[in-house]
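Read off the chains here:
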Amino acid sequence: MRTIVIDNFAEWRALARKLILDAVRPDEIQFADNNGQQTLFGQTINANDLDGASKSDSNTTTADQAKPLRVPREFLSLAETVGYHRSESRWNILYRTLWRIVNQTPQLLKITTDDDVLRLAKMEKEVRRDAHKMKAFVRFRKIIRDDEEYFIAWHRPDHNIVRKVAPFFSRRFKAMNWTILTPNESVVWDQQKLVYGDGVPRSEAPTGDELEDLWKTYYAHIFNPARIKIKMMKSEMPVRHWATLPETEIIADLLADAPRRVEKMIREHEGFAQTALNVIENRTELLQSLEELKQIAANCTACDLHTHATQTVFGEGPVDAKIVFVGEQPGDREDIEGHPFIGPAGQILNEAFAAAGIKRESVYVTNIVKHFKFTTSETGEPSTSGPAPRGKRRLYQRPNAREIRCCRPWFDAEWSFLTNANLLVCLGATAAKAIISPNFRITTSRGTIVESDYCPQTIATWHPSAILRTPDSTQRQTKMNQLISDLSLAKAKSDTSTSRLV
Ligand code: URA
(Lines give C-alpha, C1' and ligand atoms only; values in the text may rest on other atoms or scores of the structure.)
Protein backbone atom coordinates (compact mmCIF):
# COMPACT_ATOMS: atom_id res chain seq x y z
CA MET A 1 0.00 0.00 0.00
CA ARG A 2 1.30 3.45 -0.89
CA THR A 3 0.87 6.32 1.51
CA ILE A 4 0.69 9.79 0.03
CA VAL A 5 1.28 12.81 2.18
CA ILE A 6 -1.10 15.68 1.49
CA ASP A 7 -0.82 19.35 2.41
CA ASN A 8 -4.12 20.79 1.32
CA PHE A 9 -7.24 20.34 -0.75
CA ALA A 10 -5.76 21.67 -4.00
CA GLU A 11 -3.02 19.09 -3.74
CA TRP A 12 -5.44 16.27 -2.95
CA ARG A 13 -7.66 17.29 -5.86
CA ALA A 14 -4.81 17.22 -8.39
CA LEU A 15 -3.58 13.90 -7.07
CA ALA A 16 -6.96 12.28 -6.87
CA ARG A 17 -7.55 13.17 -10.49
CA LYS A 18 -4.30 11.56 -11.49
CA LEU A 19 -4.94 8.44 -9.44
CA ILE A 20 -8.46 7.97 -10.79
CA LEU A 21 -7.15 8.25 -14.36
CA ASP A 22 -4.49 5.69 -13.43
CA ALA A 23 -7.28 3.39 -12.21
CA VAL A 24 -5.75 3.23 -8.73
CA ARG A 25 -8.27 1.57 -6.43
CA PRO A 26 -9.01 3.10 -3.03
CA ASP A 27 -7.63 0.02 -1.27
CA GLU A 28 -4.25 0.46 -2.97
CA ILE A 29 -3.65 3.89 -1.56
CA GLN A 30 -3.60 5.69 1.75
CA PHE A 31 -3.55 9.46 2.30
CA ALA A 32 -1.93 11.08 5.30
CA ASP A 33 -1.71 14.66 6.50
CA ASN A 34 1.60 16.39 6.19
CA ASN A 35 2.21 17.02 9.85
CA GLY A 36 5.85 16.07 9.86
CA GLN A 37 5.27 12.51 11.08
CA GLN A 38 6.36 9.40 9.27
CA THR A 39 3.45 7.08 8.64
CA LEU A 40 3.51 3.41 9.53
CA PHE A 41 2.17 2.14 6.26
CA GLY A 42 4.44 0.85 3.51
CA GLN A 43 6.03 3.30 1.15
CA THR A 44 5.46 7.00 1.85
CA ILE A 45 5.37 9.37 -1.09
CA ASN A 46 5.36 13.08 -0.87
CA ALA A 47 2.60 14.55 -3.01
CA ASN A 48 5.18 16.58 -4.94
CA ASP A 49 7.04 13.42 -5.89
CA LEU A 50 3.98 11.59 -7.10
CA ASP A 51 4.44 12.60 -10.69
CA GLY A 52 7.48 10.38 -10.98
CA ALA A 53 6.09 7.67 -8.73
CA SER A 54 2.83 7.34 -10.54
CA LYS A 55 4.39 7.39 -13.96
CA SER A 56 6.91 4.72 -13.13
CA ASP A 57 4.36 2.15 -12.00
CA SER A 58 1.54 2.91 -14.38
CA ASN A 59 1.02 3.75 -17.99
CA THR A 60 -0.21 7.30 -17.51
CA THR A 61 0.40 9.38 -20.60
CA THR A 62 0.05 13.07 -21.26
CA ALA A 63 -3.09 12.24 -23.21
CA ASP A 64 -4.49 10.47 -20.13
CA GLN A 65 -3.82 13.49 -18.03
CA ALA A 66 -5.65 15.73 -20.46
CA LYS A 67 -8.65 13.36 -20.40
CA PRO A 68 -11.75 14.99 -19.02
CA LEU A 69 -12.78 13.58 -15.68
CA ARG A 70 -16.41 14.37 -15.05
CA VAL A 71 -17.05 14.98 -11.38
CA PRO A 72 -20.28 16.53 -10.10
CA ARG A 73 -19.74 20.12 -8.99
CA GLU A 74 -21.55 19.24 -5.79
CA PHE A 75 -18.83 16.72 -4.98
CA LEU A 76 -16.06 19.27 -5.51
CA SER A 77 -17.68 21.80 -3.25
CA LEU A 78 -18.29 19.09 -0.63
CA ALA A 79 -14.69 17.89 -0.92
CA GLU A 80 -13.25 21.38 -0.60
CA THR A 81 -15.12 21.98 2.62
CA VAL A 82 -14.36 18.54 4.02
CA GLY A 83 -10.69 19.23 3.27
CA TYR A 84 -10.68 21.62 6.23
CA HIS A 85 -11.87 18.91 8.63
CA ARG A 86 -9.32 17.79 11.20
CA SER A 87 -9.93 14.06 10.71
CA GLU A 88 -7.08 12.43 8.83
CA SER A 89 -9.48 9.89 7.34
CA ARG A 90 -11.16 12.61 5.27
CA TRP A 91 -8.83 12.27 2.26
CA ASN A 92 -9.38 8.48 2.11
CA ILE A 93 -13.14 8.77 2.40
CA LEU A 94 -13.15 11.47 -0.26
CA TYR A 95 -11.04 9.37 -2.59
CA ARG A 96 -13.19 6.28 -2.07
CA THR A 97 -16.32 8.33 -2.73
CA LEU A 98 -14.84 9.89 -5.85
CA TRP A 99 -13.77 6.47 -7.10
CA ARG A 100 -17.25 5.09 -6.54
CA ILE A 101 -18.86 8.08 -8.31
CA VAL A 102 -16.62 7.70 -11.33
CA ASN A 103 -16.58 3.89 -11.55
CA GLN A 104 -19.78 2.63 -9.98
CA THR A 105 -22.54 5.02 -8.96
CA PRO A 106 -22.57 8.47 -10.62
CA GLN A 107 -25.53 9.52 -8.43
CA LEU A 108 -23.88 8.33 -5.22
CA LEU A 109 -24.24 11.68 -3.45
CA LYS A 110 -28.00 11.38 -3.76
CA ILE A 111 -27.95 8.20 -1.66
CA THR A 112 -28.06 9.96 1.66
CA THR A 113 -28.07 6.68 3.61
CA ASP A 114 -24.73 5.59 2.17
CA ASP A 115 -22.05 5.39 4.88
CA ASP A 116 -19.46 7.45 3.00
CA VAL A 117 -21.99 10.07 1.91
CA LEU A 118 -23.29 10.32 5.47
CA ARG A 119 -19.81 10.72 6.95
CA LEU A 120 -18.87 13.37 4.41
CA ALA A 121 -22.11 15.28 5.01
CA LYS A 122 -21.42 15.19 8.74
CA MET A 123 -17.85 16.45 8.27
CA GLU A 124 -19.03 19.17 5.93
CA LYS A 125 -21.58 20.30 8.43
CA GLU A 126 -19.01 20.33 11.23
CA VAL A 127 -16.60 22.45 9.19
CA ARG A 128 -19.26 24.92 8.15
CA ARG A 129 -20.54 25.26 11.66
CA ASP A 130 -17.02 25.79 12.94
CA ALA A 131 -16.36 28.42 10.27
CA HIS A 132 -19.52 30.26 11.20
CA LYS A 133 -18.64 30.12 14.87
CA MET A 134 -15.28 31.64 14.04
CA LYS A 135 -16.89 34.39 11.97
CA ALA A 136 -19.39 35.14 14.68
CA PHE A 137 -17.26 34.90 17.79
CA VAL A 138 -13.71 35.99 17.01
CA ARG A 139 -13.09 38.93 19.31
CA PHE A 140 -10.31 41.37 18.48
CA ARG A 141 -8.28 43.24 21.01
CA LYS A 142 -6.84 46.62 20.06
CA ILE A 143 -3.14 47.31 20.44
CA ILE A 144 -1.35 50.57 19.73
CA ARG A 145 2.19 50.29 18.55
CA ASP A 146 4.28 53.10 17.04
CA ASP A 147 1.06 55.14 16.96
CA GLU A 148 -0.62 52.54 14.78
CA GLU A 149 -3.57 50.42 15.66
CA TYR A 150 -3.47 46.66 15.41
CA PHE A 151 -6.16 44.18 16.25
CA ILE A 152 -5.39 40.69 17.46
CA ALA A 153 -7.55 37.77 18.36
CA TRP A 154 -7.02 34.31 19.74
CA HIS A 155 -9.44 31.64 18.63
CA ARG A 156 -9.56 27.88 18.98
CA PRO A 157 -11.44 26.36 16.06
CA ASP A 158 -12.26 22.68 16.09
CA HIS A 159 -11.03 22.20 12.51
CA ASN A 160 -8.29 23.56 10.26
CA ILE A 161 -10.40 26.40 9.01
CA VAL A 162 -8.09 29.42 9.21
CA ARG A 163 -7.59 29.55 5.44
CA LYS A 164 -11.27 29.04 4.82
CA VAL A 165 -12.32 31.91 7.04
CA ALA A 166 -9.45 34.41 6.69
CA PRO A 167 -10.65 35.82 3.32
CA PHE A 168 -13.97 36.62 4.97
CA PHE A 169 -12.22 38.68 7.66
CA SER A 170 -10.06 40.41 5.07
CA ARG A 171 -13.21 41.57 3.26
CA ARG A 172 -15.02 42.49 6.44
CA PHE A 173 -12.12 44.35 8.07
CA LYS A 174 -10.32 45.46 4.97
CA ALA A 175 -8.98 48.71 6.34
CA MET A 176 -7.63 47.29 9.60
CA ASN A 177 -4.40 45.57 10.52
CA TRP A 178 -5.40 42.36 12.21
CA THR A 179 -3.96 39.01 13.31
CA ILE A 180 -5.82 35.88 14.29
CA LEU A 181 -3.85 33.33 16.29
CA THR A 182 -5.06 29.74 16.50
CA PRO A 183 -3.35 26.54 17.69
CA ASN A 184 -2.70 25.23 14.17
CA GLU A 185 -2.10 28.29 12.10
CA SER A 186 -2.10 32.05 12.39
CA VAL A 187 -2.98 34.69 9.88
CA VAL A 188 -2.05 38.32 9.48
CA TRP A 189 -3.86 40.89 7.31
CA ASP A 190 -1.84 44.01 6.52
CA GLN A 191 -4.65 45.69 4.54
CA GLN A 192 -3.21 44.23 1.36
CA LYS A 193 -2.63 40.54 1.71
CA LEU A 194 -3.07 37.59 4.01
CA VAL A 195 0.08 36.03 5.42
CA TYR A 196 -0.16 32.65 7.12
CA GLY A 197 2.22 31.53 9.84
CA ASP A 198 2.62 28.90 12.52
CA GLY A 199 0.01 28.34 15.16
CA VAL A 200 0.31 29.09 18.84
CA PRO A 201 0.54 25.84 20.76
CA ARG A 202 -2.50 25.10 22.90
CA SER A 203 -0.26 25.06 25.94
CA GLU A 204 0.45 28.73 25.28
CA ALA A 205 -3.17 29.68 24.79
CA PRO A 206 -3.07 33.32 25.81
CA THR A 207 -5.57 35.11 27.96
CA GLY A 208 -6.45 38.78 27.42
CA ASP A 209 -3.22 40.53 28.42
CA GLU A 210 -0.91 37.69 27.46
CA LEU A 211 -2.32 37.87 23.96
CA GLU A 212 -0.79 41.27 23.55
CA ASP A 213 2.63 40.11 24.77
CA LEU A 214 2.53 37.04 22.59
CA TRP A 215 1.68 39.11 19.55
CA LYS A 216 4.45 41.60 20.28
CA THR A 217 6.99 38.85 20.72
CA TYR A 218 6.17 36.51 17.88
CA TYR A 219 3.95 38.11 15.33
CA ALA A 220 4.47 41.85 15.13
CA HIS A 221 7.50 41.43 12.90
CA ILE A 222 5.52 39.99 10.03
CA PHE A 223 2.99 42.74 10.33
CA ASN A 224 2.45 45.40 7.72
CA PRO A 225 5.36 44.57 5.41
CA ALA A 226 4.69 47.68 3.32
CA ARG A 227 5.39 49.93 6.28
CA ILE A 228 8.42 47.96 7.34
CA LYS A 229 9.76 48.14 3.81
CA ILE A 230 9.44 51.90 3.73
CA LYS A 231 11.29 52.24 7.01
CA MET A 232 13.94 49.83 5.86
CA MET A 233 14.36 51.55 2.53
CA LYS A 234 14.62 54.95 4.13
CA SER A 235 17.45 53.67 6.28
CA GLU A 236 19.11 51.71 3.49
CA MET A 237 19.06 54.21 0.68
CA PRO A 238 18.66 57.97 0.30
CA VAL A 239 15.20 59.06 -0.69
CA ARG A 240 16.52 60.93 -3.73
CA HIS A 241 17.39 57.55 -5.32
CA TRP A 242 13.96 56.09 -4.93
CA ALA A 243 12.55 57.53 -8.12
CA THR A 244 15.04 55.64 -10.25
CA LEU A 245 14.32 52.23 -8.75
CA PRO A 246 11.44 50.26 -10.18
CA GLU A 247 10.52 48.59 -6.90
CA THR A 248 10.02 51.95 -5.23
CA GLU A 249 7.27 52.97 -7.58
CA ILE A 250 4.54 52.31 -5.07
CA ILE A 251 6.11 54.23 -2.22
CA ALA A 252 4.94 57.67 -3.26
CA ASP A 253 1.42 56.34 -3.67
CA LEU A 254 1.53 54.64 -0.33
CA LEU A 255 2.69 57.76 1.42
CA ALA A 256 0.28 60.02 -0.42
CA ASP A 257 -2.55 57.69 0.42
CA ALA A 258 -1.73 57.54 4.11
CA PRO A 259 -4.04 60.32 5.40
CA ARG A 260 -7.00 58.85 3.55
CA ARG A 261 -6.23 55.42 4.94
CA VAL A 262 -5.90 56.76 8.45
CA GLU A 263 -9.20 58.55 8.14
CA LYS A 264 -10.81 55.42 6.80
CA MET A 265 -9.38 53.37 9.63
CA ILE A 266 -10.84 55.76 12.16
CA ARG A 267 -14.22 55.56 10.51
CA GLU A 268 -14.04 51.79 10.31
CA HIS A 269 -12.83 51.60 13.83
CA GLU A 270 -15.95 53.25 15.18
CA GLY A 271 -18.02 50.41 13.86
CA PHE A 272 -15.42 47.87 14.76
CA ALA A 273 -15.04 48.76 18.40
CA GLN A 274 -18.71 48.79 19.25
CA THR A 275 -20.90 46.30 17.48
CA ALA A 276 -23.34 43.64 18.54
CA LEU A 277 -20.29 41.44 18.97
CA ASN A 278 -19.41 43.32 22.16
CA VAL A 279 -22.88 42.59 23.49
CA ILE A 280 -22.66 38.93 22.50
CA GLU A 281 -19.16 38.51 23.89
CA ASN A 282 -20.15 39.75 27.31
CA ARG A 283 -22.83 37.11 27.56
CA THR A 284 -21.27 33.99 26.05
CA GLU A 285 -22.24 31.97 29.12
CA LEU A 286 -25.84 32.29 27.93
CA LEU A 287 -25.25 31.46 24.33
CA GLN A 288 -26.63 27.95 24.14
CA SER A 289 -29.64 28.43 21.91
CA LEU A 290 -31.33 30.78 19.48
CA GLU A 291 -33.82 31.60 22.21
CA GLU A 292 -31.02 32.78 24.51
CA LEU A 293 -29.45 34.74 21.69
CA LYS A 294 -32.77 36.47 21.18
CA GLN A 295 -32.93 37.38 24.86
CA ILE A 296 -29.47 38.94 24.75
CA ALA A 297 -30.34 40.83 21.58
CA ALA A 298 -33.36 42.35 23.32
CA ASN A 299 -30.93 44.56 25.26
CA CYS A 300 -28.66 45.51 22.39
CA THR A 301 -27.46 49.12 22.47
CA ALA A 302 -24.59 48.72 20.01
CA CYS A 303 -25.82 51.51 17.76
CA ASP A 304 -28.15 54.46 18.20
CA LEU A 305 -31.15 52.81 16.57
CA HIS A 306 -32.20 51.25 19.87
CA THR A 307 -32.89 54.67 21.36
CA HIS A 308 -35.98 55.34 19.31
CA ALA A 309 -37.19 51.90 18.27
CA THR A 310 -39.76 50.15 20.45
CA GLN A 311 -37.85 46.87 20.66
CA THR A 312 -35.37 44.55 18.99
CA VAL A 313 -37.15 42.44 16.39
CA PHE A 314 -35.33 39.15 16.22
CA GLY A 315 -35.62 36.36 13.65
CA GLU A 316 -38.30 33.71 13.98
CA GLY A 317 -38.74 30.15 12.78
CA PRO A 318 -37.61 26.63 13.59
CA VAL A 319 -33.93 26.18 14.37
CA ASP A 320 -33.79 23.27 11.90
CA ALA A 321 -35.27 25.33 9.04
CA LYS A 322 -33.75 24.51 5.66
CA ILE A 323 -34.46 27.91 4.13
CA VAL A 324 -33.57 31.19 5.80
CA PHE A 325 -34.98 34.54 4.63
CA VAL A 326 -33.25 37.77 5.49
CA GLY A 327 -34.80 41.17 4.95
CA GLU A 328 -33.57 44.66 5.73
CA GLN A 329 -35.05 45.88 9.02
CA PRO A 330 -38.38 45.71 10.81
CA GLY A 331 -41.06 48.13 9.70
CA ASP A 332 -43.55 50.10 11.76
CA ARG A 333 -45.86 47.15 12.63
CA GLU A 334 -42.95 44.81 13.26
CA ASP A 335 -41.41 47.35 15.62
CA ILE A 336 -44.61 47.62 17.64
CA GLU A 337 -45.45 43.93 17.75
CA GLY A 338 -41.92 42.53 17.87
CA HIS A 339 -42.12 40.00 15.00
CA PRO A 340 -40.46 40.14 11.57
CA PHE A 341 -42.48 40.57 8.37
CA ILE A 342 -45.96 40.84 9.83
CA GLY A 343 -46.92 44.22 8.31
CA PRO A 344 -47.83 45.00 4.69
CA ALA A 345 -44.49 43.65 3.40
CA GLY A 346 -45.11 40.50 5.41
CA GLN A 347 -48.51 40.05 3.71
CA ILE A 348 -46.84 40.14 0.30
CA LEU A 349 -44.22 37.71 1.49
CA ASN A 350 -46.89 35.34 2.80
CA GLU A 351 -48.69 35.47 -0.55
CA ALA A 352 -45.46 34.66 -2.36
CA PHE A 353 -44.73 31.83 0.09
CA ALA A 354 -48.15 30.31 -0.56
CA ALA A 355 -47.72 30.58 -4.34
CA ALA A 356 -44.26 28.98 -4.16
CA GLY A 357 -45.46 26.14 -1.91
CA ILE A 358 -43.41 27.32 1.09
CA LYS A 359 -44.89 26.90 4.55
CA ARG A 360 -44.01 29.97 6.57
CA GLU A 361 -43.81 27.94 9.77
CA SER A 362 -41.09 25.74 8.24
CA VAL A 363 -38.68 28.57 7.37
CA TYR A 364 -36.63 31.05 9.39
CA VAL A 365 -37.33 34.73 8.72
CA THR A 366 -35.09 37.51 9.98
CA ASN A 367 -33.56 40.90 9.12
CA ILE A 368 -29.99 42.10 8.73
CA VAL A 369 -30.80 45.06 11.04
CA LYS A 370 -32.88 44.32 14.10
CA HIS A 371 -34.20 47.78 15.02
CA PHE A 372 -36.64 49.96 13.07
CA LYS A 373 -35.06 53.12 11.69
CA PHE A 374 -37.44 55.94 10.95
CA THR A 375 -37.90 59.68 10.97
CA THR A 376 -40.84 61.75 12.13
CA SER A 377 -39.41 64.91 10.74
CA GLU A 378 -40.66 66.53 7.55
CA THR A 379 -37.07 67.17 6.56
CA GLY A 380 -36.07 63.54 6.96
CA GLU A 381 -33.78 64.12 9.95
CA PRO A 382 -33.12 60.74 11.54
CA SER A 383 -34.80 60.05 14.88
CA THR A 384 -31.97 59.08 17.12
CA SER A 385 -32.99 60.18 20.57
CA GLY A 386 -36.01 59.05 22.45
CA PRO A 387 -39.26 57.54 21.25
CA ALA A 388 -41.25 59.07 18.42
CA PRO A 389 -43.44 62.00 19.45
CA ARG A 390 -47.03 60.84 19.92
CA GLY A 391 -49.26 60.85 16.88
CA LYS A 392 -46.49 61.56 14.41
CA ARG A 393 -46.19 59.35 11.37
CA ARG A 394 -43.03 57.29 11.42
CA LEU A 395 -41.38 57.26 8.02
CA TYR A 396 -39.07 54.43 7.15
CA GLN A 397 -35.37 55.23 6.67
CA ARG A 398 -32.77 52.97 5.13
CA PRO A 399 -30.10 51.82 7.61
CA ASN A 400 -26.61 53.09 6.84
CA ALA A 401 -23.41 51.05 6.43
CA ARG A 402 -22.35 51.54 10.01
CA GLU A 403 -25.70 50.42 11.42
CA ILE A 404 -25.61 47.35 9.22
CA ARG A 405 -22.07 46.54 10.32
CA CYS A 406 -22.99 47.04 13.96
CA CYS A 407 -25.97 44.73 13.76
CA ARG A 408 -24.60 42.05 11.51
CA PRO A 409 -23.09 39.94 14.34
CA TRP A 410 -26.65 39.10 15.38
CA PHE A 411 -27.28 37.59 12.00
CA ASP A 412 -23.90 35.82 12.10
CA ALA A 413 -24.82 34.32 15.44
CA GLU A 414 -28.34 33.37 14.30
CA TRP A 415 -26.87 31.71 11.25
CA SER A 416 -24.41 29.70 13.36
CA PHE A 417 -27.40 28.08 15.10
CA LEU A 418 -29.29 27.37 11.88
CA THR A 419 -27.20 24.36 11.04
CA ASN A 420 -29.71 22.64 8.77
CA ALA A 421 -30.11 25.62 6.49
CA ASN A 422 -29.08 24.89 2.93
CA LEU A 423 -30.56 27.93 1.24
CA LEU A 424 -30.29 31.59 2.13
CA VAL A 425 -32.68 34.08 0.51
CA CYS A 426 -31.88 37.80 0.60
CA LEU A 427 -35.00 39.93 0.35
CA GLY A 428 -33.95 43.18 -1.27
CA ALA A 429 -30.76 45.05 -1.95
CA THR A 430 -29.74 45.86 1.62
CA ALA A 431 -29.61 42.19 2.61
CA ALA A 432 -28.06 41.16 -0.71
CA LYS A 433 -25.29 43.77 -0.44
CA ALA A 434 -24.54 42.74 3.14
CA ILE A 435 -24.58 39.03 2.42
CA ILE A 436 -23.52 38.51 -1.18
CA SER A 437 -21.47 41.53 -2.21
CA PRO A 438 -21.51 45.31 -1.74
CA ASN A 439 -21.86 45.67 -5.52
CA PHE A 440 -24.90 43.44 -5.78
CA ARG A 441 -27.81 44.84 -7.79
CA ILE A 442 -31.22 43.26 -7.52
CA THR A 443 -32.32 44.60 -10.90
CA THR A 444 -29.56 42.77 -12.76
CA SER A 445 -28.66 39.78 -10.60
CA ARG A 446 -31.77 38.60 -8.76
CA GLY A 447 -33.01 35.07 -9.17
CA THR A 448 -29.62 33.37 -9.55
CA ILE A 449 -28.17 30.99 -6.99
CA VAL A 450 -24.70 32.12 -5.96
CA GLU A 451 -22.25 31.22 -3.23
CA SER A 452 -21.91 33.69 -0.36
CA ASP A 453 -19.72 33.78 2.73
CA TYR A 454 -22.66 32.31 4.58
CA CYS A 455 -24.10 29.68 2.32
CA PRO A 456 -23.08 27.93 -0.89
CA GLN A 457 -26.65 28.41 -2.10
CA THR A 458 -27.69 32.03 -1.72
CA ILE A 459 -30.24 33.87 -3.81
CA ALA A 460 -31.45 37.45 -3.81
CA THR A 461 -34.87 38.60 -4.89
CA TRP A 462 -37.22 41.58 -4.67
CA HIS A 463 -37.96 42.97 -1.27
CA PRO A 464 -41.75 42.74 -0.79
CA SER A 465 -41.81 46.48 0.02
CA ALA A 466 -40.27 47.23 -3.40
CA ILE A 467 -43.28 45.46 -4.91
CA LEU A 468 -45.66 47.46 -2.75
CA ARG A 469 -43.97 50.69 -3.77
CA THR A 470 -44.21 50.01 -7.52
CA PRO A 471 -46.97 52.33 -8.75
CA ASP A 472 -47.65 50.69 -12.10
CA SER A 473 -49.86 47.63 -11.62
CA THR A 474 -48.41 45.68 -14.56
CA GLN A 475 -44.88 46.22 -13.31
CA ARG A 476 -46.00 45.35 -9.81
CA GLN A 477 -47.43 42.06 -11.04
CA THR A 478 -44.23 41.31 -12.98
CA LYS A 479 -42.15 41.80 -9.84
CA MET A 480 -44.52 39.67 -7.81
CA ASN A 481 -44.26 36.88 -10.39
CA GLN A 482 -40.48 37.17 -10.24
CA LEU A 483 -40.52 36.98 -6.44
CA ILE A 484 -42.68 33.84 -6.63
CA SER A 485 -40.47 32.28 -9.26
CA ASP A 486 -37.29 33.04 -7.22
CA LEU A 487 -38.84 31.54 -4.11
CA SER A 488 -39.96 28.47 -6.08
CA LEU A 489 -36.39 28.03 -7.30
CA ALA A 490 -35.09 28.42 -3.76
CA LYS A 491 -37.51 25.78 -2.51
CA ALA A 492 -36.70 23.34 -5.31
CA LYS A 493 -32.94 23.74 -4.69
CA SER A 494 -33.35 23.33 -0.98
CA ASP A 495 -35.54 20.23 -1.39
CA THR A 496 -33.07 18.53 -3.71
CA SER A 497 -29.87 19.40 -1.86
CA THR A 498 -28.40 16.15 -0.71
CA SER A 499 -25.85 17.61 1.60
CA ARG A 500 -27.06 19.72 4.47
CA LEU A 501 -25.08 22.91 4.38
CA VAL A 502 -24.83 25.20 7.34
N1 URA B 1 -39.27 44.95 5.91
C2 URA B 1 -38.22 44.18 6.26
O3 URA B 1 -37.16 44.18 5.63
N4 URA B 1 -38.36 43.39 7.32
C5 URA B 1 -39.46 43.34 8.05
O6 URA B 1 -39.47 42.58 9.01
C7 URA B 1 -40.54 44.13 7.64
C8 URA B 1 -40.42 44.94 6.57
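Keep in mind the model is a prediction, meaning the values are calculated, not measured.

**Q** Mind laying out the sheet that holds strand E8 (residues 194-198), listing which residues take part and the relevant values?
**A** In space, the five strands of this open sheet follow the order E4-E5-E6-E7-E8, with mixed pairing throughout. Each edge of the open sheet carries a strand with a single partner, namely strand E4 (141-145) and E8. Neighbour-to-neighbour, the strand axes of this sheet turn through a mean angle of 20°, independent of strand direction. Sheet strands touched by helix H7 (residues 162-172): strand E6 (178-181), strand E7 (185-189) and E8. Its angle to E8, the strand with the most contacts, is close to 145°.

**Q** Quick rundown of the site of the ligand? Include the residues and the values.
**A** The immediate surroundings of the ligand are formed by Gly327, Glu328, Gln329, Pro330, Gly331, Glu334, Pro340, Phe341, Ala345, Asn367 and His463. With respect to the ligand, the backbone of Glu328 contributes an N or O atom lying 2.8 Å from an oxygen atom. Considering the ligand on its own, with 240 Å² of exposed area, one finds that the protein chains cover 94% of that surface.

**Q** Can you break down unusual backbone geometry residue by residue, with the values?
**A** For Ala23, which is not a glycine, the phi torsion comes out positive at approximately 60°. Classification of Ala23 by relative accessible area gives exposed; the value is 55%. Positive phi values are uncommon outside glycine, yet Phe341 reaches one of about 50°. Along the chain, the position of Phe341 falls in the loop between helix H13 (332-337) and helix H14 (344-356).

**Q** Describe the packing of helix H6 (residues 115-137) against helix H15 (residues 401-417), naming the residues involved and giving the relevant values.
**A** Relative orientation of the contacting elements H6 and H15 amounts to 160°, with a least axis distance of 9 Å. Overall, the two elements H6 and H15 adopt an arrangement that is roughly antiparallel. In the packing of H6 onto H15, the handedness of the crossing is left-handed. Together, Arg129, His132, Lys133, Lys135, Ala136 and Phe137 of H6 and Asp412, Ala413, Trp415, Ser416 and Phe417 of H15 make up the contact between the two elements.

**Q** With reference to specific residues and values, describe the nonpolar core.
**A** Among the nonpolar cores identified, the biggest contains 63 residues, and Phe325, Trp410, Phe411, Trp415, Leu424, Val425 and Leu487 are the most heavily contacted of them. Of the residues forming this core, the biggest block, eight residues, is contributed by H15. Aside from chain neighbours lying at most four places away, what touches Leu487 is Phe325, Ala352, Phe353, Ala356, Ile358, Val425 and Thr461. If you look at the next biggest cluster of nonpolar residues, it comprises 27 residues, including Ile6, Ala16, Trp91 and Tyr95.

**Q** Tell me about the confidence of the model for the protein chain, and name the residues and values.
**A** Taken residue by residue, the protein chain gives an average pLDDT of 80. The fraction at 70 or more is 75%. Counting interchain partners and residues more than four positions distant, the pLDDT-below-50 stretch residues 37-42 has eight contacts. Predicted confidence for residues 50-65 stays below pLDDT 50, and this span has 22 contacts to residues more than four positions away or in other chains.

**Q** Break down empty space enclosed by the protein for me, with residues and values.
**A** The tally for this structure, following the rule as stated, stands at two cavities of 30 Å³ or more. By volume, the largest cavity amounts to about 70 Å³. Every residue lining the largest cavity is listed: Ala276, Cys300, Thr301, Ala302, Cys303, His306, Thr312, Lys370, His371, Cys406, Cys407 and Trp410. Per element, the largest residue contribution to the lining of the largest cavity is three residues, and it comes from H15.

**Q** Describe in detail helix H5 (residues 90-103), supporting the description with residues and values.
**A** Look at H5: 20 Å from first C-alpha to last across 14 residues, which is about the 20 Å you get at 1.5 Å a residue. Burial within H5 is extensive, with eleven of its 14 residues counted as buried. Of the positions making up H5, those classed as buried are Arg90, Trp91, Asn92, Ile93, Leu94, Tyr95, Thr97, Leu98, Trp99, Arg100 and Ile101. At its buried positions, H5 is contacted by strand E1 (2-6), helix H1 (9-21), strand E2 (29-33), helix H4 (73-82) and H6.

**Q** Could you give me a rundown of the pattern of salt bridges, with the residues and numbers involved?
**A** Here the structure, examined in full by the defined rule, presents 20 salt bridges. We note a salt bridge from Asp27 to Arg25, for which the minimum N-O separation is 3.5 Å. The exposure class of Arg25 is partly exposed, given its relative accessible area of 40%. A salt bridge links Glu337 to Arg333; the nearest nitrogen and oxygen atoms lie 2.9 Å apart. Placement of both Glu337 and Arg333 in helix H13 is noted, with a separation of four residues, approximately one turn of the helix.

Cut-offs applied
Residues numbered from 1 in each chain as written. Predicted model: local features only at pLDDT ≥ 70, side-chain atom pairs only at ≥ 80, totals over all residues. Heavy atoms only, no water. Pairing = 2+ DSSP bridges. Helix = DSSP H or I, 4+ residues; strand = E, 2+ residues; numbered from the N terminus. Axes fitted to C-alpha atoms, helices over the stretch in contact; angles between N-to-C directions. Contact = heavy atoms within 4.5 Å. Near = heavy atom within 4 Å. Polar contact = N/O pair within 3.5 Å; in protein donor to acceptor, adjacent residues only side chain to side chain. Areas by Shrake-Rupley, 256 points an atom, 1.4 Å probe, with all protein chains shown as cover. Buried < 20%, exposed > 50% of the residue type's maximum accessible area, 1.4 Å probe, protein only. Parallel < 35°, antiparallel > 145°, perpendicular 65-115°, else oblique. Left-handed = near helix turned anticlockwise from the far one by under 90°. Core = buried A, V, L, I, M, F, W, Y, C linked by side-chain atoms within 4.5 Å. pLDDT = per-residue confidence, 0-100. 1 Å grid on protein atoms, 1.4 Å probe; cavity = no way out; pocket = protein on both sides within 12 Å on 5 of 7 lines; lining within 4 Å. Points joined across faces, edges and corners; volume = space filled by probe spheres on them. Expected span 1.5 Å × (residues − 1). Salt bridge = Lys/Arg side-chain N within 4 Å of Asp/Glu carboxyl O.

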